[in-house]
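Each chain, letter by letter, is given below.
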Amino acid sequence: MTGWRGRLLSVDLSRQRIWMEDLPADLLHSYLGGRGLGVRLMRDHYRTDPFAPEVPLFFSVGPLCGTLVPTSSRLSVVSRSPLTGAIHDSSCGGSFAWHLKAAGYDVVKITGVSPEPVVLAIFGNKVEIKPVKHLWGAGVAKTVAALNPAGGAAIIGPAGENLVLYANIVTGEGNSAGRGGLGAVMGAKRLKAVLVDGERAVSVADPVGLQRGINDVMRLLNASPVIFGNLGFSEFGTAALIDLLTQRRMVPTKNFRETHFAAASRYAAPALRRLYAPKKQGCHDCPIACKKALRGRQRLPEHGSLSHFGALLGISDPASVVQSGQICNDLGLDTLSAAVSIAALSEARGEFPSGEQLPDLLRLIAHRQGEGDLLAQGAQRMTAELGCPQLAMTVKGLELPAYDPRGAYGMALAYATSNRGGCHLRAYPSAHEILRKPVATDRFDFAGKAWMNIVAENTNAAVDSLVACRFTLMAAGLEEYATLLSAATGADYTAARLTTIGERIWLTERYYNQMNGFSSNDETLPERFFSEDGSSGDGLSVPAIDRKRFFEERQRYYRLRKLDERGQLRQDYLDTQP
Amino acid sequence: MIRQLEKFFDKIRRDGSCRHDRAALLVRDDQLLKAGPEDFCEVGQDLLQQLNIVALAIGEPQIPFHHLWLPRLALDDKQIVPLDTETRTFLHDIPLVRQRGGHIDTAEVAEQLGRRKGVLVEGLGIIAGGPATVEQAYVNFSTVCHALFIGYLLQLARGILQPVELRQLRPLLNRLCRPISVKVEDLLIGPFVDPGVARKAIQQAGHRTVDLHLVDSFFGNVSCHINQQILISQTGASLDDLVGCIDAVADDNSCTAGLTASSELPAHRAIYETNDAAVILHGHPKFTVLMSLFCDNQDCAVLDCWKECPHIRYLGDVPIVAGEVGAGGIATTLPPVMMNGIAVVYGHGVFAAGSTDFRQPLRALIELENWCRNEYLRRLDQRIIL
Ligand code: SF4
Ligand SMILES: [Zn+2]
């Protein structure tokens, strides 16, 4: 096989059994890898409780991984989210994916619960389950130091061990598989870490064609201001977005009560560059290298973490904002969900924490102690318990990221229809509404956004299954990736075919959610966004979202997706799919 | 959606890329929206049913490549690769769809549109898709037109056509090569001290450059250096509609809100750093791009001329350099040759700088394009085979 390995490694931690399975070629061709393949493999388990021993946790890579295609060394982690109950996948950088492919697998499937804390060590065909009782309770940095992985590592911190509902899985390099709490799924299995390495090269069907395609993508990346421009992600990291979104007045501030935080410039990318002089660092072999590295394993946090530990909590001290992100990474906590949960509690109490209070609070969450236990449930459960559900800035139970929907209506709609809940990355409308790629759209207009989101949801589902980094879509598109995939696998892919695959993946996820009780009732925004204005100023008006237009466009989305009025798929949808 | 349809239908009929009575635009909304001749709409409707895209543009280009060029290509030629570097970056190639037994197989057109942004269909014209927006269909359509225009006229001057076809085309070419009148004196007068005025001047210059067909509206860029910052058109902005689409980028990168600035920002910045310039205008005038591709050097070892040609060549007295978009490319090769305020990038376009306002660079841009038009016809008459 070229491109793929065609092999799945299955590990049952309850019975301590390890075996290999072949992956049927038609599944690979129909779901590609990464997110798509993981989602397909969840077909028998999408209703299983996320903490039940039988629920599988998939680490899945794509057919381009292991080749020289830019940004192709990404991993998808797939299971059911304990935070939202929805199907969940998380795209993650670092080198784990590359090493997994080198070990000879497309997917690792983990089920069962180990009687004691263990590490799963994979080196090619040699796979072992090793007890690591002494590391239970350790932060990610300490675990990395103790395990000293030669290849890739995927680790949970105390948050995952203690089943914090938004615990992340963190790679040895510090990249997170974040949002839906898959770290807690791993923690429930008492799996502290997965180590992986191997030395098998990936063969491709048409090396010359692949190189030509890579050159085409590199040309497009070079011509993309967001990627390689003077102010682009390669230079400044995603922190470059802080100034931009501040200027656009769409920065969630004080639990989304406001949309402008003038002091954000204190922790914006240019300020961090002056303060920390970070170095460029990337996921395995990535030419963009958007990560900003400090000494040791430390990195500067991404845009979302900076913004939510800054503006969302009303904190402007850059040292505090950076530290909060770093502490979360070590504890294995999702920064966005942690910050939004804290913001909701703060609004309920009428007092936001100071920068000095945050480190302790974050540790309490990860260890589920005191107030931390309340916060560890996420904003939706917590505010329900406190009797103030209107303060939870969540959709389908997932805490909203650092783009205020009053400042971008495609984003508003995307939060509502997202399969994994309030997430900017499914349709990624900031690409066109803010960054003008692949075309610029009017962010204060709903017109055309339903279709735009559908196209992007499908496209991104395909890209997450290749698995390539979203940022390449600021330059290249499915057209270029189809060429690369054809060259790698020898099959004939086109942009249109990839779109069809992306649509299949999207609808499969939607179907699982529907069967788990999600409906159009869940596809709306917190009331605040319809009834409270944002922070107008600088000649820019940021009104509340027009409820009527919002729901009109959502219904149009359903029609264009060929769903019924309540957003439901046909009951036999899965039977029609490979 | 109807607003979008009207806006871009108007553009496509007026931008000179195709015959104004032979252009159609179709948009998928709750119902199908369409504008243009019935025969095109029928084909378009059929295609939209087979494709997962939102819009489709169909048109007969000014120069009928679909009658003249396509049938002349070898039957196993499956696509045309653009020769100008700017469109080649985005299009890669333009698939060709031939008629079978006198009719067009829309399934084949759909298959090719599922691969590439636009196709050339024998006997019909150009069809381009818009996956997510109407604007994309328009941009893709014009980009394919631009690429074919340059490619075809280059072949023409290299002598691939029969004399009878040339005779047939000559009146059209004469018309396309008519000189542009130099109308620049009504533009805002610099030097600009107020950023608000500078923004107005940028909008005005952008609009004029498009009106004069010196650039397709979504390509090109315009900037002004004022108060230690560059005001520059945003990436993907329409130069004839720059209101709200101009970014400010500080010389010292002290704010990253200009993340959305034009992809040519590094080139503009490098020119400001090394030359006495206050404004820069960058367009893709067709005949200048075309003429920059002629090279008399017969035995040259360089293969990727567009990025690797180490020589400075000239169009009259205007220098041509090679280089890729972005920091390592034209931002390095352009500044040293900008001392007279104007230079051409191989197969791509023109950068013209002014020390006070846009009157001087626009004049230089027009004069260069007029010189190239004239030179093109002269070459054609001589049938210089290179
Ligand atoms: S662009 Fe950044 S996040 Fe994406 S693969 Fe490269 S280094 Fe990783
Ligand atoms: Zn250009």
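Conventions used here
Residues numbered from 1 in each chain as written. Chains lettered and ligands numbered in written order. Predicted model: local features only at pLDDT ≥ 70, side-chain atom pairs only at ≥ 80, totals over all residues. Heavy atoms only, no water. Helix = DSSP H or I, 4+ residues; strand = E, 2+ residues; numbered from the N terminus. Rg over C-alpha atoms; globule rule 2.2 N^0.38 Å. Buried < 20%, exposed > 50% of the residue type's maximum accessible area, 1.4 Å probe, protein only. Contact = heavy atoms within 4.5 Å. Areas by Shrake-Rupley, 256 points an atom, 1.4 Å probe, with all protein chains shown as cover. Pairing = 2+ DSSP bridges. Near = heavy atom within 4 Å. Nonpolar A, V, L, I, M, F, W, Y, C, P; charged D, E, K, R; others polar. Buried area = accessible area lost by both parts, 1.4 Å probe. Salt bridge = Lys/Arg side-chain N within 4 Å of Asp/Glu carboxyl O. Polar contact = N/O pair within 3.5 Å; in protein donor to acceptor, adjacent residues only side chain to side chain. Axes fitted to C-alpha atoms, helices over the stretch in contact; angles between N-to-C directions. Left-handed = near helix turned anticlockwise from the far one by under 90°. Disulfide = S-S within 2.5 Å. Domains from an automatic or database assignment. Donors = N, O, S within 2.8 Å, 3.2 Å for Na, K, Ca; no water. Phe/Tyr/Trp six-rings, centres within 6.5 Å; stacked < 30°, edge-to-face > 60°. Lys NZ or Arg CZ within 6 Å of the ring centre and 35° of its normal. Expected span 1.5 Å × (residues − 1).

Quick look at the overall build of chain A now. Along chain A, the regular secondary structure elements total 24 helices and 16 strands. Computed over the C-alpha atoms, the radius of gyration of chain A is 22 Å, within 12% of the 25 Å expected from 2.2 N^0.38 for a compact globule of 578 residues. Overall, the C-alpha framework of chain A stretches about 60 × 50 × 50 Å when taken along its three principal axes. In chain A, buried positions account for 69% of the 578 residues. If you take every contact in chain A between residues at least 6 apart in sequence, the share linking residues at least 24 apart comes to 71%. Put simply, chain A shows about 17900 Å² of open surface, and 49% of that area lies on carbon and sulfur atoms.

Turning to the sheet that holds strand β12 (residues 191-197) of chain A, a few remarks are in order. Each strand in a sheet pairs with its neighbour through backbone hydrogen bonds, running either in the same direction (parallel) or in the opposite one (antiparallel). All names here are of chain A. Strand order in the open sheet formed by 6 strands is β8-β7-β12-β9-β10-β11, and the pairing between neighbours is mixed. Taken across any chain shown, the strands that pair with only one partner, and hence form the sheet edges, are β8 (126-131) and β11 (176-177). Alignment of strand β9 (residues 152-155) against strand β10 (residues 169-171), held across 2 bridges, turns out to be antiparallel. Considered in β10, the bridge of Ala154 is made with Thr171.

The next subject is the site of ligand 1. Taken together, the residues surrounding ligand 1 are Thr71, Arg74, Gly282, Cys283, Cys286, Ile288, Ala289, Cys290, Lys291, Cys469 and Phe471 of chain A. Among the residues forming the shell around ligand 1, the class breakdown is 7 nonpolar, 2 polar and 2 charged.

Right, let's talk about the environment of Ser238 of chain B for a bit. All names here are of chain B. Assignment of secondary structure puts Ser238 in the loop between β9 (229-233) and β10 (246-250). The exposure class of Ser238 is buried, given its relative accessible area of 13%. Taking the C-alpha atoms as reference points, Ser238 and Val210, 28 residues apart in sequence, are found 8.9 Å from one another. If sequence neighbours within four positions are ignored, Ser238 has contacts with Lys11, Glu135, Ser217 and Phe218.

Turning our attention to the interface of chain A and chain B. The partner chain B presents 48 residues to the 48 residues of chain A that form the contact. With both chains or domains summed, chain A and chain B bury close to 3900 Å², and 53% of this area falls on carbon and sulfur atoms. The interface formed by chain A and chain B includes 9 salt bridges. We note a salt bridge from Glu479 of chain A to Arg116 of chain B, for which the minimum N-O separation is 3.1 Å. The interface formed by chain A and chain B includes 19 residue pairs in polar contact (both at pLDDT 80 or more). Considering only residue class, the side of chain A that touches chain B consists of 25 nonpolar, 9 polar and 14 charged.

With that settled, consider the packing of helix α2 (residues 34-41) of chain A against helix α22 (residues 495-515) of chain A. Residues and elements named next belong to chain A. Contact geometry for α2 and α22: axes closest at 10 Å, N-to-C directions at 40 degrees. Both α2 and α22 take part in a crossing whose hand is left-handed. Facing α2, whose interface residues are Arg35, Gly36, Val39 and Arg40, α22 presents Ile505, Trp506, Thr508, Glu509 and Tyr512. Taken together, the residues of the contact of α2 with α22 sort by class into 4 nonpolar, 2 polar and 3 charged.

Residue and element names in this part refer to chain B. If you walk through the whole model with that rule in mind, you get 0 disulfides over all chains. Here Cys305 is not disulfide-linked; the sulfur of Cys300 is the nearest cysteine sulfur, at 6.1 Å. Assessed through its relative accessible area of 27%, Cys305 is described here as partly exposed. No disulfide involves Cys372; its sulfur sits 10 Å from the nearest other cysteine sulfur, which is in Cys177.

Quick look at the domain arrangement of chain B now. Residue and element names in this part refer to chain B. Entries for chain B in the domain assignment read domain 1 (2-158) and domain 2 (195-381). Taking only C-alpha atoms, the centre of domain 1 and the centre of domain 2 are 27 Å apart. The interface is formed by 24 residues belonging to domain 1 together with 23 residues belonging to domain 2. Of all residues in domain 1, Thr85, Glu86 and His146 give up the largest surface area on contact with domain 2, accounting jointly for 27% of the area buried on that side. Our enumeration of links across domain 1 and domain 2 arrives at 1 salt bridge. For the pair domain 1 and domain 2, the interface holds 3 residue pairs in polar contact (both at pLDDT 80 or more). A per-element tally of the side of domain 1 that touches domain 2 places helix α6 (residues 134-157) first, with 12 residues.

With that settled, the discussion passes to the coordination of the zinc ion (ligand 2). All names here are of chain B. Those donors, His282 (NE2), His284 (NE2) and His348 (NE2), are the protein atoms that reach the zinc ion (ligand 2), and they lie 2.1 to 2.2 Å from it. Here the donor residues of the zinc ion (ligand 2) are spaced in sequence according to H-x1-H-x63-H. Taken together, the positions of His284 in the loop between β11 (279-283) and α10 (286-292) and His348 in the loop between β14 (342-345) and β15 (349-354) put the pair 64 residues apart, joining distant regions of the chain. By relative accessible area, which is 4% here, His284 ends up buried. The exposure class assigned to His348 is buried, which follows from its relative accessible area of 1%.

Aromatic ring pairs are described here by two measures, namely the spacing of the ring centres and the angle between the planes. Enumeration according to the criterion identifies 22 aromatic pairs over all chains in this entry. Three or more aromatic residues link up through ring pairs in this structure, and these residues are Tyr409, Phe444, Phe446, Phe530, Phe550 and Phe551 of chain A. Above the face of the Trp19 of chain A ring, Arg17 of chain A is positioned so that its terminal group lies 4.3 Å from the ring centre. Its end group placed over the ring of Phe149 of chain B, Lys286 of chain B keeps NZ or CZ at 5.7 Å from the ring centre.

Residue and element names in this part refer to chain B. Here 6 bridges tie strand β1 (residues 18-28) to strand β3 (residues 55-61), and the two strands are oriented antiparallel to one another. Within β3, the position partnered with Leu26 by the bridge is Leu56. Strand direction decides the pairing type here: β1 and strand β2 (residues 32-35), joined by 4 bridges, are antiparallel. The partner of Val27 across the bridge, within β2, is Leu33.

What follows deals with the sheet that holds strand β12 (residues 313-315) of chain B. All names here are of chain B. Taken in spatial order, the 8 strands make up an open sheet running β10-β9-β8-β11-β15-β14-β13-β12, and their pairing is mixed. Two strands close off the open sheet at either side, each with one partner strand: β10 and β12. Direction aside, the axes of adjacent strands within the sheet are offset by 25 degrees on average. Where β12 lies against strand β13 (residues 318-321), 3 bridges are found, and the strand directions are antiparallel. Each bridged residue has a counterpart across the sheet, and for Arg313 the counterpart in β13 is Ile320.

Time to look at helix α24 (residues 547-560) of chain A. Residue and element names in this part refer to chain A. Taking 1.5 Å per residue as the helical rise, α24 with its 14 residues ought to reach 20 Å, and the 20 Å between its terminal C-alpha atoms agrees with that figure. Here α24 has its buried residues at Phe550, Glu553, Arg554, Arg556, Tyr557, Tyr558 and Leu560. At its buried positions, α24 is contacted by α18 (409-417), α20 (449-466), α22 and α23 (528-531). Sitting at the amino-terminal end of α24 is Asp546, which places a side-chain oxygen 3.0 Å from the backbone nitrogen of Lys548. Directly beyond the C-terminal end of α24, a positive phi value near 60 degrees is found at Lys562.

Residue and element names in this part refer to chain A. By the burial criterion, the buried members of helix α11 (residues 269-276) are Ala269, Pro270, Ala271 and Leu272. Close packing links the buried residues of α11 with α9 (233-236), α10 (240-247), α12 (303-309) and α13 (318-331). Downstream of α11 by one or two residues, Ala277 has phi in the positive range, about 40 degrees.

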